Amino acid sequence: MNFEFSAEQNLLREQAVGFLSDRAPLSVARRILDGDETYASEVWQEIINLGWTATAVPESHGGFGFGHLELCVVAEELGRSLAPVPFSSSVYLATEAIASAANDVRDDWLPKLACGEVIGCVALYEVSGAPDPDRMNDCTVSDGVLNGGKRWVTDGAIADMSVVTARDADTGNLCLYVVDLSAEGVQRSTIDTIDPTRNHADLQFDNVSAMPLASEIGDSTGLRRLLDRSAVLFAFEQLGGAEAALNMAREYALGRYAFGRPIAGYQAIKHKLAKMYVAVQLARSNCYYGAWALATDAPELPVAAATARVSASQAYRECSEENIQIHGGMGFTWEFDCHLYYRRAKLLSVNLGGEYDWKHRLISCIEADQAA
Amino acid sequence: MDFNDTKEEATFREQAKSWLAENAPAYQGDHTDDFLAAAKAWQKAKYDAGWACLSWPKEWGGRDATPAEAKIFADEETEYDLPVGPFLIGQGMAAPTMMAYASEEQKARFLPKLASGEEVWCQLFSEPAGGSDLAALRTRSVRDGDDWVINGQKIWTSGAHYSDFGILVTRSDPTVPKHMGLTYFFLDMRSPGLEVKPIKQISGQSNFNEVYFTDVRIPDSQRLGAEGDGWRVALTTLMNERAAIGGASGEMNFQTAFNLASETDLDGQPAIVDRGVRSQLADWYCKEKGLEFTGARSQTALSRGEVPGPENSIGKLVAAKKTQDIASFCIELLGMTGVALDHEQLSAYAEAYLGAPGSRIAGGSDEIMLNIIAERVLGLPQDIRVDKGVPFNEVPMGAK
């Protein structure tokens, strides 16, 4: 059995932990929370210099050609650090989408994403806050020209390019397109969300040139596959965040005295922390399942991604909620960092469709597997 | 990262698979008439072919296999429905304690017969007033010449009625703090003065016993560890208990609930169409898979020659409650059909529902498991213990 990260992958983790604790401590997330910046551009630049954006990109397109397991390691550590950078949008979503393109789009954009020359994002939502293809009807592409609007695009005000879901005007099929966001006819309006450490914007497209990602127009399986693949990477971010919140709660409980002794000695608190640990372990094991399926492109990917995603969302919710609870009143203040995890946990839980969507999908996949 | 064996493990697994395929089917199935005889026959077959107690030294009936190999065989063995229960305590808990504390003659006398299944052992630890607080046990041992004389009562003893030998913790000195006054023995379960009474559980079954001691004599040569050092010896046994109790999901698992929800009508359509039902099913799937892959992580540590991390301590805690929840859910789906006797039998769901509370208590209750995770894994302080440092006979006692 070899169901763990390798020694080399753990070395990468050590490098990531060292870099992020030095250059992206929570004070950086707080700077974005309290200030006017949209993201920590200096941290982003160093991440590019470290080559993380090129991790899973093939060497033929300017990447390092590592597998996705290395990307999972980076994702977990970024999640732990709450680094306010557009990594997830640009790497898990835009790069993943472009890497799967079967035409010139891939050759044009992949090297630029890999070397960090451009920041990418993915625009999905229109009227519904879930990535439900049936509720994506506003954006249409006719003769290579995109019209319509997208809402709640993570890093939408930062990104240089976006992958967009839109209807092909001829067939009515939902397809993936790539759009240069510096093009004329693109309007962006920044919006506020529960987590101000991450940028969000609404995008409006008026006669903007759009290139299809798939060579066969009308293939809507691309979106589902993109969601499944990126869900594994987001699950690792959630796992890292959940474990960080657990550790923060543990540290506080050990140092906080009430009734003459550390509150970590009271069973009400001990059992709460033990349950958080259980949730994190279940999430970790299921994330590894997702990582294996992602790295090997296994047929189990849809089930594995959903399992990892649900477990990680649950663990982050429990740990971020109970971290505040264990801190008591101080945990509810702006000054303490507990709310940074609480905000991020909820943002990440819904950014690709919420927990109930993924549970529904998980059971649907199992039904399909068992019927086959 | 993959689920593959190393080359050596793959070879070993093939050998195990092929031996089991040839031999296991003959011992499978329902042995309600004589479960013990069936279990002994299967154990003997394994022993004769060199597949018993794999990680034990050869001289005691094992084959010096690595922990990873032992786990591989155990996993392959669970693919068959085989009678193995009666030996779990003897081989899993008594034997490691004997290996650590018994004399060479005693090891040579008892361990091979544990491996061959010839002799069955039980564990005499819990008492009516000492469950989670095991060290509060009161069964008295008094030295008398070359013997010790035992008086008192044990409870929750699995298999006491068919066991040949037992491991026993007693209080030899009530005037010192509770952990310091204990002494550990093994004894013949047919000793005069020893009486076994079955306990009727809420399921109606009797898997456990009460064991009464009235002037039972044990030779001092059967003491394990020094007089007064019984707690240290008991910890050896208990560490192996934690290792022996895995995350077995039993017959009530995700698939049980999934199948029933697919077949059972709710508001004119299969229950599984309901989003609430789906959400519930997904929770159990994630827990079950999480435990399965946690096991894979531990197996990986064994494969790499490392000690598995503490993550395995979550297994029993998660699995026991999940079993109870699934049994309860299935009954709710079935309504009265789920609770009523049918042909003088309860449904499997109802049987599991009545059995499940025991799993949440046995071998460390949910609350004790949470304490263990909190203290040993997360390094949180122990609870305040008002009996700490107090002579045992001055500690306040509540219920008998």
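Residues numbered from 1 in each chain as written. Chains lettered and ligands numbered in written order. Predicted model: local features only at pLDDT ≥ 70, side-chain atom pairs only at ≥ 80, totals over all residues. Heavy atoms only, no water.

1. Digging into the packing of aromatic side chains
Residue and element names in this part refer to chain B. Note the following rule: Between rings of Phe, Tyr and Trp, where Trp is taken as its six-membered ring, a pair exists when centres lie within 6.5 Å; planes separated by under 30 degrees are stacked, by over 60 edge-to-face, and by other angles tilted. A helix here means a DSSP run of H or I that spans at least four residues, while a strand means a run of E at least two residues long, and both kinds are numbered starting from the N terminus. Burial classes: relative accessible area under 20% of the type maximum marks a residue as buried, over 50% as exposed, and values in between as partly exposed (1.4 Å probe, protein chains only).
On inspection of all chains with the given rule, the structure shows 34 aromatic pairs over all chains. Between the aromatic rings of Phe3 and Phe293, the centroid separation amounts to 5.8 Å while the plane-to-plane angle is 40 degrees, which identifies the pairing as tilted. A residue pair is termed long-range when its members are at least 10 positions apart, and Phe3 in the segment before helix H1 (7–23) and Phe293 in helix H8 (residues 275–303) qualify at 290 residues. On the basis of relative accessibility, which here comes to 28%, the residue Phe3 falls in the partly exposed class.

2. Some words on the interface of chain B and chain A
How we decide: Throughout, a contact is declared for two residues whenever any of their heavy atoms are within 4.5 Å. By buried area we mean the combined loss of accessible area, with a 1.4 Å probe, across both parts when two parts are placed together. The term salt bridge refers to a pairing of a side-chain nitrogen on Lys or Arg with a carboxyl oxygen on Asp or Glu at a separation within 4 Å. Polar contact criterion, stated in full: a pair of N or O atoms within 3.5 Å, where within protein one must be able to donate a hydrogen and the other to accept it, and residues adjacent in sequence count only if both atoms are side-chain atoms. For this classification, Asp, Glu, Lys and Arg are treated as charged, while Ala, Val, Leu, Ile, Met, Phe, Trp, Tyr, Cys and Pro are nonpolar and the rest, including Gly, are polar.
Contacts between the two partners involve 51 residues from chain B, matched on the other side by 42 residues from chain A. Of the roughly 4,400 Å² buried at the junction of chain B and chain A (both faces included), carbon and sulfur atoms supply 64%. The three residues of chain B that bury the most area against chain A are B:Met1, B:Arg278 and B:Arg297, which together make up 20% of that side's buried surface. Inspection of the region where chain B meets chain A yields five salt bridges. A:Glu4 serves as the salt-bridge partner of B:Arg297, at 3.5 Å between the closest nitrogen and oxygen. Counting the contacts that link chain B with chain A gives 30 residue pairs in polar contact (both at pLDDT 80 or more). Here the side of chain B that touches chain A is composed, by residue class, of 24 nonpolar, 13 polar and 14 charged.

3. Considerations on the pattern of salt bridges
Summed over the entire model, instances satisfying the criterion amount to 52 salt bridges over all chains. For A:Arg225, the salt bridge identified is with A:Asp297, shortest N-O distance 3.3 Å. Residue A:Arg225 is located in helix H7 (residues 221–255), and its partner A:Asp297 is located in the loop between helix H8 (267–296) and helix H9 (301–327); the two are separated by 72 residues in the primary sequence. Taking the relative accessible area as the measure of exposure, A:Arg225 reaches 39% and is therefore partly exposed. Between A:Glu367 and B:Arg278 there is a salt bridge, with the nearest N and O atoms lying 2.8 Å from each other. Highlighted residues: A:Glu367 in helix H11 (residues 355–371) and B:Arg278 in helix H8, drawn from two different chains. Exposure remark for B:Arg278: the relative accessible area of 5% places this residue in the buried category.

4. Description of the layout of surface pockets
Defined as follows: For each structure, a 1 Å grid was placed over the protein atoms alone; sets of points admitting a 1.4 Å probe that cannot get out are labelled cavities, open sets with protein on both sides within 12 Å along at least five of seven lines are labelled pockets, and lining residues have an atom within 4 Å of a point. Grid points are joined across faces, edges and corners, and a volume is the space filled by probe spheres set on the points.
In this structure, the second largest pocket encloses a volume near 710 Å³. Lining the second largest pocket are 25 residues, and of these A:Lys275, A:Val278, A:Leu282, A:Glu318 and B:Lys287 lie nearest its centre. Looking at the lining of the second largest pocket, the elements that each hand over two or more residues are H8 and H9 of chain A together with H8, helix H9 (315–334) and helix H12 (366–377) of chain B. Element by element, the count of residues in the lining of the second largest pocket is highest for H9(A), at six residues. Partitioned by chemical class, the residues of the lining of the second largest pocket number 10 nonpolar, three polar and 12 charged.

5. Observations concerning the domain arrangement of chain B
All names here are of chain B. Definition in use: As used throughout, domain bounds are those supplied by an automatic or database domain assignment.
Examined at the domain level, chain B breaks down into domain 1 (7–120), domain 2 (122–233) and domain 3 (246–362). Computed from C-alpha coordinates alone, the two centres of domain 1 and domain 2 are separated by 26 Å. Each side of the interface is counted separately: domain 1 has 16 residues, and domain 2 has 16 residues. In total, about 1,300 Å² of surface goes out of reach between domain 1 and domain 2, with carbon and sulfur atoms giving 69% of it. Counting the surface domain 1 buries against domain 2, the share from its top three residues, Ile89, Tyr101 and Val120, is 42%. The interface formed by domain 1 and domain 2 includes three residue pairs in polar contact (both at pLDDT 80 or more).

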